[in-house]
Structures are given as C-alpha cells and as structure tokens.
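A closer look at the structure
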Amino acid sequence: QVQLVESGGGLVQPGGSLRLSCAASGSMFSITAMGWYRQAPGNQRELVAGITSGGIINYADSVKGRFTISRDNAKNTVYLQMNSLKPSDTAVYYCNIKTIRIWYEYWGQGTQVTVSS
C-alpha cells in the first residue's frame, strides 16, 4: 500500500516563494525517478521538474532558473523549491514516482498553487 502525501501549496504574491514536499510511504519497487507535474484549467499536464535515481535533473524551460528539485532518499521525499513565482505558475501540482516496473507508478493527491496579487 503506497501513499504519496503532498504539502506546501497555497496562495502567494508574484515574486514570492513556496516549497512543495512529497513523502512516499509503503512498500514499492525500486524508484527510478521522482518528479513534479502541473496542470492548469485548459492546459495540458506538463512535467515541471524531475530527478532520476542517478541524480540526473531536468526542468521545464518555463521554470528553469527559478525552481529547484531535490530529494531525501532516506525519507523517500522529494521537494520543489519555487522562487520568483509568476501568475502563469498557477496550477495544481502533482508529485509522481516511477519504479523499475513500468506498471507501478504513483501519484500524489495534488496541491493547489495560486500566484496572484
């Protein structure tokens, strides 16, 4: 029984910062990648940031230089530090974990991030 619990979303003014966290618990196959996706109404779901088990990191062009993904392997937790937030960052953010078994993929419940003055 695998659970992913997200926290850290909320309302912030443009230029502000938020830190999202996602903690995984339960038995699962070995993790191959952890990441964050987001989806706003009328938009496609997009990969925001990801980190592989080997430490390879990638970011969407729209967040590069502003967001930082990190992990704590001992706690099975992944973080997303979001700085210099823009209204266009407003979306529901979802944590995602991939494992060595392609059919065993897990999603967090989603957390709302709203950037508005």
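Below: a short report on this structure. (Residues numbered from 1 in each chain as written. Predicted model: local features only at pLDDT ≥ 70, side-chain atom pairs only at ≥ 80, totals over all residues. Heavy atoms only, no water.)

**A closer look at the pattern of salt bridges**
Considering all chains together, one arrives at five salt bridges under this definition. For K64, the salt bridge identified is with D61, shortest N-O distance 3.5 Å. For E105, the salt bridge identified is with K98, shortest N-O distance 3.2 Å. Because the salt bridges share partners, they merge into one network encompassing R38, E46, R66 and D89. (Salt bridge = Lys/Arg side-chain N within 4 Å of Asp/Glu carboxyl O.)

**Focus on the side chain of T99**
Position of T99 relative to the elements: it lies in strand β9 (residues 91-99). Of the polar contacts made by the side chain of T99, one reaches the backbone oxygen of R101; its length is 3.1 Å. Here the side chain of T99 touches Y104 through a polar contact of 2.8 Å, landing on its backbone oxygen. Not counting residues within four places of it along the chain, the set of residues in contact with T99 comprises F29, S30, I31, T32, Y104 and Y106. (Helix = DSSP H or I, 4+ residues; strand = E, 2+ residues; numbered from the N terminus. Polar contact = N/O pair within 3.5 Å; in protein donor to acceptor, adjacent residues only side chain to side chain. Contact = heavy atoms within 4.5 Å.)

**Regarding the sheet that holds strand β3 (residues 18-25)**
With antiparallel pairing, the four strands of this open sheet are ordered in space as β1-β3-β8-β7. Two strands lie at the open edges of the sheet, namely β1 (3-7) and β7 (67-72), each paired on one side alone. The mean inter-strand angle of the sheet, taken between neighbouring strand axes irrespective of direction, is 15 degrees. (Pairing = 2+ DSSP bridges. Axes fitted to C-alpha atoms, helices over the stretch in contact; angles between N-to-C directions.)

**Examining the pairing of strand β8 (residues 77-82)**
Most of β8 sits out of view: five of its six residues are buried. Inspection of the sheet shows β7 paired to β8 by six bridges, in the antiparallel sense. Pairing of S70 across the sheet is with Y79, part of β8. Between β7 and β8, which pair antiparallel and follow one another directly, the connecting turn spans four residues, one of which, N76, has a positive phi of 50 degrees. (Buried < 20%, exposed > 50% of the residue type's maximum accessible area, 1.4 Å probe, protein only.)

**Considerations on a nonpolar patch on the surface**
On the surface, F29, I100, I102, W103 and Y104 cluster together to form a nonpolar patch covering roughly 670 Å² of accessible area. Here I100 shows up in the loop between β9 and β10 (105-107). (Patch = residues over 30% accessible without salt bridge, like charges linked within 9 Å, V, L, I, M, F, W, Y side chains within 5 Å. Areas by Shrake-Rupley, 256 points an atom, 1.4 Å probe, with all protein chains shown as cover.)

**Overview of the state of the cysteines**
Applying the stated rule across the entire model yields one disulfide. Here C22 is linked by a disulfide to C95, with a sulfur-sulfur distance of 2.1 Å. Every disulfide takes its handedness from the sign of the S-S torsion; for C22 and C95 that torsion is -80 degrees, giving left-handed. Here C22, found in strand β3, pairs with C95, found in strand β9; they are 73 residues apart in sequence, far enough to count as distant. Exposure class is identical for C22 and C95. Each is buried. (Disulfide = S-S within 2.5 Å.)

**Some remarks on the environment of L47**
Summarising the element assignment, L47 is placed in strand β5 (residues 46-52). Judged by relative accessible area, which is 34%, L47 ranks as partly exposed. Taking C-alpha positions, L47 is 19 Å from S84, a pair spaced 37 residues apart along the chain. When sequence neighbours within four positions are dropped, the list of residues in contact with L47 reads W36, Y37, N58 and A60.

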